[in-house]
Amino acid sequence: MTAAVISASSPLALRLRDALAVTVLGGLLALPFIGLVTVEEGGALTVRTRWGAWGATLAALFFGRLLLRAALDAWRSRRPARKRAVFSSGDAVLRRAAGTSLLAAALLLPVFFADNRYVIDTATTLGIYVMLGWGLNVVVGLAGLLDLGYVAFYAVGAYTYALLSTQFGWSFWEALPAAGALAALFGILLGYPVLRLRGDYLAIVTLGFGEIIRIVLLNWTSFSGGPNGIGGIPRPSFFGLAFARSAEGRTFHEFFGLEFSPMHRFIFLYYLIVVLALLTHALISRLRVLPTGRAWEALREDEIACKALGLNTTTVKLSAFATGAMLAGFAGVFFAARQGFISPESFTFSESATILAIVVLGGMGSQLGVVLAAAVLVVLPELGRQFADYRMLVFGAAMVTIMAVKPTGLLARREPTVRLNPERSAAP
Amino acid sequence: MGYALQQLINGLTLGAMYGLIAIGYTMVYGIIGMINFAHGEIYMIGAFLSVLTYVLCTALGIGPTPLVLLAMLFVSVAFTALYGWAVERIAYRPLRGAPRLAPLISAIGMSIFLQNYVQLTQGARIKSVPPLWQGGVTLWSADDFRVTFGWAQLTVVVVTLIVMAGFAWMITRTSFGRQQRACEQDPKMAALLGIDVDRTISLTFILGAALAAVAGMMAVLQYGVIDFSIGFIAGIKAFTAAVLGGIGSIPGAMLGGLLIGLVEAFWSAYLSPEYKDVATFSILVLVLLFRPTGLLGKPDVEKV
């Protein structure tokens, strides 16, 4: 494999040699995993060959590399003509239009799919991921801290509501701020010792923390129900009106004089997550233009410069970390209330990885990008089993590719939210 | 007394494995200043290759145990080293000089990719192989309790000692070792003096992967049960070992691995096996809190 740039006019032989080298190396890598497989047969492992799959891999590598090289060369020879992308006002108009239409679509969705539980349910799941993505975006996209155990705070929120409601009879709205505060507290306790150190340590400590929370929830049976989880979590009510055919006090359909329909609750849950997500969005948008948010972005760009300007970097990091944790806590409360049942199964590392993939794919710092990436991530597995199986494989590969091609993320807005003299200081 | 001795032996075996993996973390951190999150998966790949070779040997009727062991070692090290090289080439080399966060995300992406790749190609079920040999040396026996140093455990410790001695010799005595240390101290200056820094970094990844492959093979010998997700927890623990010993320090990684192995063995034996991962992790946080440079590390000086 040669990294040297092959110019567009280079002879075909050179390209063929390059593709051949990739095929040989890739074929060697693939041989023990794709070409051979160990399967259990009669209680013992045996080796089976899959030369067909291996051959297909070789062919894919060879032609894929040829095409990729050709495409790259074509792109490279075109590039000098391209102007450096400058953050233009037209771009902002486009973003605004896209945002507004997405919001309108989100608000009108139940009107068109009022009887389709599947669509409403999927959209609610999407809402949860959007909210989680936005929360993690504060930590990763704005402050530039890699949090690999984000799901732990989500779990803290979910279990807080589950325990407070089943043990002490707290309602959804009472538990919401408590859970957010508790998640933020966990964030501060975890972040304080680690955030003083180099950024990489935070990644591994959060990774460990995510596992620890899961292990504790799994083993501390008297507290969390262990692997059986907690069931019978009360659903949120509409200002005290329950969504049921009949209940103590008035129910939603009686109060509004409607025919009872189980869909009311799903639509209510959907609007609830939309409202929570919008509140999250409003909070983040405001924070971004406040000194706190500006400090986050400054920190992401250059930590040493921040210190030189007199910012207490630990406090700034901690505020971002705690804000992200709090938002995850809110999302967790909603998740518990919607499912009615939670167990440690829902809070594994792959969940953290999914949320991180949403943020990275969407573009760190971009609110709109998170929505689009979350939509791809939630809808893709619904299309079929093979999509669900290959989902994480593709995301892992996409994360590597995106970092190599455009380290700021696909729809990145790494542009500082505020800048001095916008005309002169186009991106360096 | 006997029980404690047995735990000491178990802890040593476990620690030898963690130490081997931790060296990979510490060397990569030393030379390019990043955590190679995919290193745990490299260890997992090494273990899978060992199982594959073992099963192949059985199928082909290659009998004597030492020959099988050598074949496992050779195949696993060779292919895993190739994987280590490829990971560096694909996920890290394009990102030299990129923003701080980019290589970390690329690394975690690589880790997710490799884990799912092995799960999809080899299946999600656990793979178990029968133990290569049973029995061992009985060190101490009383009433109904015997302290044994199993043959597999003995192999793990002896092989680890040999590999580490050879590795230490390579780093301190050979020309590659000098180049490697030079790149660690100052890559720019090393490049000016004619050292091929990219090649040295590649070799560092290859070496780290080779050591992880040895650890993977040891895991197969010792436990005989693996699946696609073993790299995750082993990776966190080996990283903790590297931090405990002082990240960037190779003797530190060995020492850290040994300590983590011992803590885990004794914690499982005397306190609670369910929370053994919690114990390791608490060590990580405590070390970061009170002695971020680890036991043998040098303070990390940040330059503008």
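Rules used in this analysis
Numbers given for residues are sequential positions, taken from 1 along each chain in its written order. Chains and ligands are labelled sequentially in the order written, the chains with letters from A and the ligands with numbers from 1. Local features are withheld for residues below a pLDDT of 70 in this predicted model, meaning they are given only at 70 or higher, and side-chain atom pairs are given and counted only at 80 or more; totals for whole chains, interfaces and linings count all residues. Starting at the N terminus, helices and strands are each numbered in turn, a helix being any DSSP run of H or I of at least four residues and a strand any DSSP run of E of at least two. Between the buried cut of 20 or more and the exposed cut of 12 or fewer other C-beta atoms within 10 Å of a residue's own C-beta lies the partly exposed class, and all C-beta atoms are placed from the backbone. Contact between residues is assigned whenever the C-beta positions, reconstructed from backbone atoms, fall within 7 Å. The reference for a compact globule is 2.2 Å times residues^0.38; the radius of gyration itself is calculated from the C-alpha atoms. Where each domain begins and ends is defined by an automated method or by a domain database. Strands qualify as paired when DSSP identifies two bridges or more between them. pLDDT expresses how confident the predictor is about each individual residue, on a scale running from 0 to 100. Axis definition: a line fitted to C-alpha atoms, limited for helices to the stretch in contact. Angles are taken between N-to-C directions and run from 0 to 180 degrees. Our angle categories are set so that under 35 degrees counts as roughly parallel, over 145 as roughly antiparallel, 65 to 115 as roughly perpendicular, and the remainder as oblique. Take the far helix as your reference; a near helix turned counterclockwise from it by less than a right angle gives a left-handed crossing, and one turned clockwise gives a right-handed crossing. Here a helix's expected span is defined as the number of its residues, less one, multiplied by 1.5 Å.

Some thoughts on the overall build of chain A
Then, number 1: Helix and strand counts for chain A come out as 16 helices and two strands.
Then, number 2: Within chain A, the fraction of its 428 residues that count as buried is 41%.
Then, number 3: Contacts in chain A between residues far apart in sequence, at least 24 positions, make up 75% of those at least 6 positions apart.

Some points on the overall build of chain B
Then, number 1: Across its full length, chain B carries 11 helices and four strands.
Then, number 2: In terms of overall size, chain B behaves like a compact globule, its C-alpha atoms giving a radius of gyration of 19 Å where 304 residues would be expected to give roughly 19 Å.
Then, number 3: If one aligns the C-alpha atoms of chain B with their principal axes, the spans along those axes are about 65 × 50 × 40 Å.
Then, number 4: The contacts in chain B between residues at least 6 apart in sequence include a share of 74% that link residues at least 24 apart.

Thoughts on the domain arrangement of chain A
Then, number 1: When the domains of chain A are assigned, the result is domain 1 (12-78) and domain 2 (93-405).
Then, number 2: When each unit is reduced to the centre of its C-alpha atoms, the spacing between domain 1 of chain A and domain 2 of chain A is 38 Å.

Some details on the pairing of strand 2 (residues 44-49) of chain A
In summary, the side chains of a regular strand alternate between the two faces of the sheet.
Residue and element names in this part refer to chain A.
Then, number 1: Alignment of strand 1 (residues 36-41) against strand 2, held across six bridges, turns out to be antiparallel. Its bridge partner lying in strand 2, E41 is registered against A44.
Then, number 2: As consecutive antiparallel partners, strand 1 and strand 2 are separated by two residues, and within that stretch G42 has a phi angle of approximately 60°, a positive value.

Quick word on the interface of chain B and chain A
Then, number 1: With 52 residues of chain B at the contact, the number on the chain A side is 46 residues.
Then, number 2: Counting only elements with at least two residues in the side of chain B that touches chain A, the list comes to helix 2 (39-60), helix 3 (65-92), helix 4 (101-122), helix 9 (230-245) and helix 11 (276-290) of chain B.
Then, number 3: Ranked by the residues each element gives to the side of chain B that touches chain A, the list is headed by helix 4 of chain B, at 16 residues.

Some details on the confidence of the model for chain B
Then, number 1: The pLDDT averaged across chain B works out to 86; a share of 96% of its residues lies at or above 70.
Then, number 2: Interface confidence for the predicted complex, given as ipTM, is 0.84, next to a pTM of 0.85.

Here we look at the environment of I342(A)
All names here are of chain A.
Then, number 1: The topology assignment puts I342 in the loop between helix 13 (313-339) and helix 14 (349-362).
Then, number 2: Judged by local crowding, I342 falls into the buried class, with 24 C-beta atoms found within 10 Å.
Then, number 3: Along the chain, I342 and A74 lie 268 residues apart, while their C-alpha atoms are 52 Å from each other.
Then, number 4: In this structure I342 touches A158, Y159, A162, G229, I230 and A336, once residues within four positions along its chain are discounted.

Comments concerning the packing of helix 2 of chain B against helix 8 (residues 197-223) of chain B
All names here are of chain B.
Then, number 1: Where helix 2 meets helix 8, the closest approach of the two axes is 7 Å, and the angle between their N-to-C directions is 55°. With respect to helix 8, the axis of helix 2 lies oblique. Considering only the axes of helix 2 and helix 8, their crossing is right-handed. On helix 8, the residues touching H39, I42, Y43, M44, G46, A47, L49, S50 and V51 of helix 2 are G208, A209, A212, A213, A215, G216, M217, A219 and V220.

Details of helix 4 of chain B
Every α-helical turn comprises 3.6 residues, leaving residues that sit three or four positions apart pointing alike.
Then, number 1: The end-to-end C-alpha separation of helix 4 of chain B is 32 Å, in line with the 32 Å expected for 22 residues at 1.5 Å each.
Then, number 2: Along helix 4 of chain B, 19 of the 22 residues are buried, which leaves the element largely enclosed by surrounding structure.

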